[in-house]
Amino acid sequence: MKKILFALAASLTVLSAGAQIGKAASEATDAAQHKIDEKQADSKAKKSGPVGKAVNNVKSGYHKNRAKSSANKAKQSLKNAG
C-alpha cells in the first residue's frame, strides 16, 4: 500500500513540474512577443509625427512592462518546478 501511495505522489509531482515548465515556456513566449511589439512601437514612433510619437511611446512602454512581467513569471514558474 505504501508503494502505491509513494508512486501516486511521485507521479503527481512529475505532472505538476511538467505543468510549471509548460507555463514557464508560455510566459517566455509572451515576453518575447512583447519585446517584438515594443521594438515595433519604437520604430513607428521614430517615423511618426508628434501625436503618433506619443501614442507609440505609450505602446512601447506598455510592452516593455509586460515583457518584464512575463519574464519574471517564467522565472518563478521554473523555480516552482524545481
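All values reported here derive from a predicted model rather than from experimental measurement.

### What to know about the side chain of serine 70
(1) Moving on: Relative to the assigned elements, serine 70 resides in helix 2 (residues 50–81).
(2) Moving on: By relative accessible area, which is 4% here, serine 70 ends up buried.
(3) Moving on: For serine 70, the residues in contact, after removing those within four places along its chain, are Glu27, Asp30, Ala31 and His34.

### Remarks on helix 2
(1) Moving on: Over its 32 residues, helix 2 runs 47 Å from end to end, which matches the ideal 46 Å to within 8%, given 1.5 Å per residue.
(2) Moving on: Buried within helix 2 are the following residues: Asn56, Ser60, His63, Ala67, Ser70, Ala74 and Ser77.

### Observations regarding a positive patch on the surface
(1) Moving on: Together, Lys39, Lys46, Lys64 and Lys68 line one region of the surface with positive charge.
(2) Moving on: Among the elements of the structure, helix 1 (2–47) and helix 2 are those that each provide at least two residues to the positive patch.
(3) Moving on: By the secondary structure assignment, lysine 46 is in helix 1.

About the cut-offs
Sequence order as written defines the numbering, with residues in each chain counted from 1. Where local features are concerned, this predicted model is filtered to residues with pLDDT of at least 70; where side-chain atom pairs are given and counted, the filter is 80 or more; whole-chain, interface and lining totals use all residues. The basis for every side-chain value is the complete set of heavy atoms in the structure, and neither hydrogens nor water enter the calculation. Counting from the N terminus, the helices are the DSSP runs of H or I reaching at least four residues and the strands are the DSSP runs of E reaching at least two. For every residue, the accessible area (1.4 Å probe, protein chains only) is compared with the maximum for its type, and the residue is labelled buried under 20%, exposed over 50%, or partly exposed between those bounds. Whether two residues are in contact is decided by their heavy atoms: any pair within 4.5 Å suffices. Expected helix span is computed as 1.5 Å times (number of residues minus one). Candidates for patches are residues over 30% relative accessible area with no salt bridge; among them, like charges are joined within 9 Å and nonpolar side chains (Val, Leu, Ile, Met, Phe, Trp, Tyr) within 5 Å. Surface accessibility in these figures is a Shrake-Rupley result with a 1.4 Å probe; residues are shielded only by whichever protein chains are displayed. A carboxyl oxygen of Asp or Glu within 4 Å of a side-chain nitrogen of Lys or Arg is what we treat as a salt bridge. Charge counting follows a simple rule: Lys and Arg are positive, Asp and Glu are negative, and His as well as the terminal groups are ignored. A charge is said to be at NZ when it belongs to Lys, at CZ for Arg, at CG for Asp and at CD for Glu.

None of this, on its own, says anything about what the molecule does.
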